Amino acid sequence: MAAVNSRRGSRLLPTVVLIAAAVFFIMPLVAIARFGFQNVPTVLLGWSSLFKKWTLDGITGAFRDRNFGPALGLSVKLAIGTVFGTIGLLLPTAVWVHLKLPKARGLVEFMTVLPYMVPGIALVAGIKVIQPHARWFLNSPYSLIPYYVVLALPFTYRSIDAGLRSIDLRTLVDASRSLGAGWGTTLRRVLMPNLRTSLVSATFLTVAVVLGEFTISSILLRKTLPVFQATYRSSSPRGAYALSVLFLLGTTAVFAVLSLLTRPKSARVKKIDPVVAAVTDEALATQGLAT
Amino acid sequence: MTALEFKSVRKTFGTNVALEGLDLGVMPGELITLLGPSGCGKTTALRIAAGFEFADSGTVSVSDVDISSTAAHKRNMGMVFQSYSLFPNLTVALNIDFGLRTRKVASADRARRVDEMLELVELGRFRDRYPHQLSGGQQQRVALARALAVQPQVLLLDEPLSALDAKVRTTLRDEIRRIQTEVGITTLFVTHDQEEALAISDRVCVMSQGRIEQLGTPTEVYRRPSTAFVARFVGSMNELEGTVVDFRNVSISGRTVAVPAHGQADGTDVKVLVRPEDLTLVDDGFPGTVTSVTFQGATTLVGVRLDVIDRLVSIDVGQGDADHLGIGDRVQVALNGGNAVCEAA
Ligand SMILES: Nc1ncnc2c1ncn2[C@@H]1O[C@H](COP(=O)(O)OP(=O)(O)O)[C@@H](O)[C@H]1O
Ligand SMILES: [Mg+2]
């Protein structure tokens, strides 16, 4: 009897924590959603008005704004560019560090956290150094991509690093090379398929960062989606918040589908790496704050 | 002509010397085992052959072509690793197909070759399984098939059996040898297990601390070890104290025993290393007392404490001959020094 009780007791605590956390995340979202999709004055948003006057007016208004399309387009392109930039740069680097400089792993890991500590404004100030040499580059809105790659580093590097730790990297690479595959083929045909989970979460994190980043793009006067949202908020608060909710749900749905589609064909139940899980939670939280 | 040749290959990691000028030639179709304790440089030699590491000095050549600076993926070598190395995301058939694809073999030929390989390792039924659905032994057989699929010039195996349990280890060992002879491929096989080395090899290369101690057939290495290290590492040995009489004789507690020629000066004290099967129970020899009788199937190992030199020796006694022996029995032991090794004490 005592044993049963204690087992039940040990399940109770996690359940409570889980529910508390869910409430903590969901309540603000619900509040924003009601503000964005209900045509009810804020002071009257109580239990009694829960099912009254739901409307898509706010969001359709936002869609119709002439600045919305270009802002969405730019952010999507930036997101895609950043994902490719991140994976193209980070995966080979992380593999190289793991194979050739295993001792430097701690140092590299520390370096990737720096963007988390250095304020965005300081990163922008760094432009002064390259400005005289790369005016053509800075004139392009895509000059945001390197910033985003750096900003996403604390999340993406951890995710890829955790993935590399979970496979027998050296043996797989050696096996692939002894079978005639060069580094490129090895990355494409051996490493990427076996790092699916961590690459998908790195992609998710990158997109979350790009769609949530406001400071740098606004300082550099780029009309990205978050900048549009902030401007639009002053003219139509309802529309701006409706948009935030939509993006959050939208990106989550896209990645749910994506991670289902990229599940290993062997349908093996892969253990979710705790590090990846933690990082994912963190990114969700940042995205939540950004909305 | 040698199929694979190391010439004065030296390799250091920092101050740690892994290989001290390795000279070794493998003949076409021959299987040579690198045998030695952990850390003696076996894996390093193999990785240098495969192109995963590069030697500090010296050369590696395949069929007399120097490949010392060729990148790993351009060398035509098959390798089987100690740890499971199959690509987890690919089925058995696709794993075997991997090397054929990277070599851009036509797809019809690839399919045929994969079938051939599956048949060779007798795993046809498992072609659509994923690696995690196979046992360790099956995974290593697929790894072997994958390595051989591309028809490499040389096959390299780095302790492919050490992660398997004893029973699977012997069957797979014999199967590797069967396949190797069937395909006729030049092979370098690394192991730290002397029994495995003796069972599988054309020649055994015993290594210690980055150097070759002896290179010879399994019989030579076992029967005529050229150094005390080899004698101790390959098979078991009894150690007896003696004194050198001349270059072919030693005296052990007053009895003169003929031994193979050795380099020790007359009158020095030596350790004489003798295999258990070179000791026999006789009517007139070194007296001693039986301390243990261990039945081992075909032979029985008898432990005897010799009176005069106060040494515990083990003796291989043929089937049935030890039936009447019990602990505490008094016996006499004779010693055949024909395969003994003398080492300065
Ligand atoms: N990558 C490496 N870095 C540093 N030392 C190494 C490395 N690889 C091997 N060594 C050292 O070289 C020696 C030989 O190693 P190895 O060839 O792996 O031995 P074996 O395979 O016979 O056990 C060992 O002392 C080992 O510590
Ligand atoms: Mg080794």
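Please read these numbers as outputs of a predicted model, since none were measured by experiment.

This brings us to the overall build of chain A. Helix and strand content of chain A: 15 helices and 0 strands. At a minimum sequence separation of 6, the contacts of chain A that also span at least 24 residues come to 74%. Carbon and sulfur atoms make up 71% of the accessible area of chain A, which totals about 16100 Å².

Another aspect to go through is the packing of aromatic side chains. Tallied over the full model, the rule gives 8 aromatic pairs over all chains. Centroid distance Phe 35 of chain A to Tyr 241 of chain A: 5.5 Å. Interplanar angle 80 degrees. Geometry classified as edge-to-face. Of this pair, Phe 35 of chain A sits in helix H1 (residues 2–37) while Tyr 241 of chain A sits in helix H14 (residues 237–261), placing them 206 residues apart in sequence. When its relative accessible area of 24% is taken as the criterion, Phe 35 of chain A is described as partly exposed. Ring pairs connect the aromatic residues Phe 63, Phe 68, Phe 228 and Tyr 232 of chain A, which therefore count as one cluster. The lysine or arginine in question, Arg 146 of chain B, covers the ring of Phe 87 of chain B, its NZ or CZ lying 4.6 Å from the ring centre. The cationic tip of Arg 255 of chain B hangs over the ring face of Phe 286 of chain B; the distance from NZ or CZ to the ring centre is 5.4 Å.

All names here are of chain A. On domain assignment, one finds that chain A holds domain 1 (24–55) and domain 2 (68–287). Contact with domain 2 buries area across many residues of domain 1, yet Ile 32, Phe 35 and Phe 37 alone supply 49% of it, more than any other trio. For the side of domain 1 that touches domain 2, the residue count by class is 7 nonpolar, 3 polar and no charged.

Let us look at the sheet that holds strand E16 (residues 286–295) of chain B. Residue and element names in this part refer to chain B. Ordered in space as E15-E19-E16-E17-E18, the 5 strands form an open sheet in which the pairing is antiparallel. Looking at the sheet topology across the chains shown, the edges are occupied by strand E15 (279–282) and strand E18 (311–318). Adjacent strand axes in the sheet meet at a mean angle of 50 degrees, parallel and antiparallel pairs treated alike. As defined by bridge partners, strand E17 (residues 299–306) adjoins E18 across 8 bridges and the pair is classed as antiparallel. Bridged to Thr 299 within E18 is Gly 318.

Residues and elements named next belong to chain A. Helix H10 (residues 183–194) packs onto helix H3 (residues 68–100) with a crossing angle of 95 degrees between their chain directions and a minimal axis gap of 12 Å. As far as their axial angle goes, H10 and H3 are roughly perpendicular. In this structure, H3 uses Ile 87, Leu 91, Pro 92, Val 95 and Leu 99 to contact H10, whose residues at the interface are Trp 183, Leu 187, Leu 191 and Met 192. In the contact of H3 with H10, the residues fall into 9 nonpolar, no polar and no charged.

Attention now goes to unusual backbone geometry. Residue and element names in this part refer to chain B. Although it is not a glycine, Ser 63 sits at a positive phi angle of roughly 45 degrees. For Ser 63, the position within the fold is in the loop between strand E4 (57–62) and strand E5 (65–66). Here Gln 209, not a glycine, exhibits a phi torsion of approximately 50 degrees, which is positive. Counting through the fold element by element, Gln 209 comes out in the loop between strand E9 (203–208) and strand E10 (211–216). By relative accessible area, Gln 209 is classed as exposed at 57%.

Looking now at the sheet that holds E5 of chain B. Residue and element names in this part refer to chain B. Ordered by their spatial adjacency, 4 strands build an open sheet running E2-E1-E4-E5, and the pairing between neighbours is antiparallel. Either end of the sheet is taken by a strand with one partner, and the two such strands are strand E2 (16–26) and E5. Across 5 bridges, the pairing between strand E1 (residues 4–13) and E4 is antiparallel. Opposite Phe 6, over in E4, you have Val 60 as the bridge partner. Lying on the sheet, helix H1 (residues 42–50) is in contact with E1, E2 and E4; it crosses E1 at an angle near 115 degrees.

Once that is clear, we can look at the pairing of E17 of chain B. Residue and element names in this part refer to chain B. Sheet topology places E16 next to E17; 7 bridges connect them, and they run antiparallel. The residue of E17 that forms the bridge with Thr 294 is Leu 301. Hairpin connection from E16 to E17: 3 residues lie between these consecutive antiparallel strands, with Gly 297 at a positive phi of about 95 degrees.

For the rest of this paragraph, the subject is the site of ligand 1. Residues and elements named next belong to chain B. In the neighbourhood of ligand 1, the contacting residues comprise Phe 13, Asn 16, Ala 18, Pro 37, Ser 38, Gly 39, Cys 40, Gly 41, Lys 42, Thr 43 and Thr 44. In the model, an oxygen atom of ligand 1 is placed 3.1 Å from a nitrogen or oxygen of the Gly 41 main chain. Here ligand 1, which alone exposes 560 Å², has 62% of that area covered by the protein. Within the residue set of the shell around ligand 1, elements represented by two or more residues are E2 and H1. Considering every element that reaches the shell around ligand 1, the biggest residue donor is H1, with 3 residues. For the shell around ligand 1, a count of residues per class yields 4 nonpolar, 6 polar and 1 charged.

In this section: the interface of chain A and chain B. A common way to report how large an interface is uses the accessible area buried once the components associate. Contact with chain A, which involves 21 residues of that partner, is made by 24 residues of chain B. Between chain A and chain B, roughly 2100 Å² of surface is buried when both sides are summed, and carbon and sulfur atoms account for 58% of that area. On the chain A side of the contact with chain B, Ser 178, Leu 179 and Arg 189 of chain A bury the most area, a combined 33% of that side's loss. At the boundary of chain A with chain B, the tally comes to 5 residue pairs in polar contact (both at pLDDT 80 or more). For the side of chain A that touches chain B, the leading source of residues is helix H9 (residues 169–178) of chain A, giving 8 residues. Taken together, the residues of the side of chain A that touches chain B break down into 6 nonpolar, 8 polar and 7 charged.

Residue and element names in this part refer to chain B. With 14 residues, helix H3 (residues 107–120) extends 20 Å between its outermost C-alpha atoms, agreeing within 8% with the 20 Å of an ideal straight helix rising 1.5 Å per residue. Those residues of H3 not exposed but buried are Arg 110, Arg 113, Val 114, Met 117, Leu 118 and Leu 120. The arc enclosing the buried residues of H3, seen along the axis, measures out at 155 degrees, which places them on a common side. For H3, exposure combined with an orientation more than 90 degrees from the buried face picks out Ala 108 and Glu 119. Elements that come into contact with the buried residues of H3 comprise helix H2 (92–102), helix H4 (136–149) and helix H5 (166–183). Phi turns positive, to about 55 degrees, at Glu 122, one or two residues after H3.

Here we take up the packing of H4 of chain B against H5 of chain B. Residue and element names in this part refer to chain B. Following both chains from N to C, one finds H4 and H5 inclined at 15 degrees, their axes separated by 11 Å at the closest point. When the axes of H4 and H5 are compared, the pair comes out roughly parallel. For the crossing formed where H4 meets H5, the hand is right-handed. Taking contact as the criterion, the partners of Gly 137, Gln 140, Arg 141, Leu 144 and Leu 148 in H4 are, on H5, Val 168, Leu 172, Glu 175, Ile 176, Ile 179 and Val 183. Of the residues that constitute the contact of H4 with H5, the class distribution is 7 nonpolar, 2 polar and 2 charged.

The rules behind these values
Residues numbered from 1 in each chain as written. Chains lettered and ligands numbered in written order. Predicted model: local features only at pLDDT ≥ 70, side-chain atom pairs only at ≥ 80, totals over all residues. Heavy atoms only, no water. Helix = DSSP H or I, 4+ residues; strand = E, 2+ residues; numbered from the N terminus. Contact = heavy atoms within 4.5 Å. Areas by Shrake-Rupley, 256 points an atom, 1.4 Å probe, with all protein chains shown as cover. Phe/Tyr/Trp six-rings, centres within 6.5 Å; stacked < 30°, edge-to-face > 60°. Buried < 20%, exposed > 50% of the residue type's maximum accessible area, 1.4 Å probe, protein only. Lys NZ or Arg CZ within 6 Å of the ring centre and 35° of its normal. Domains from an automatic or database assignment. Buried area = accessible area lost by both parts, 1.4 Å probe. Nonpolar A, V, L, I, M, F, W, Y, C, P; charged D, E, K, R; others polar. Pairing = 2+ DSSP bridges. Axes fitted to C-alpha atoms, helices over the stretch in contact; angles between N-to-C directions. Parallel < 35°, antiparallel > 145°, perpendicular 65-115°, else oblique. Near = heavy atom within 4 Å. Polar contact = N/O pair within 3.5 Å; in protein donor to acceptor, adjacent residues only side chain to side chain. Expected span 1.5 Å × (residues − 1). Arc of directions from axis to C-beta. Left-handed = near helix turned anticlockwise from the far one by under 90°.

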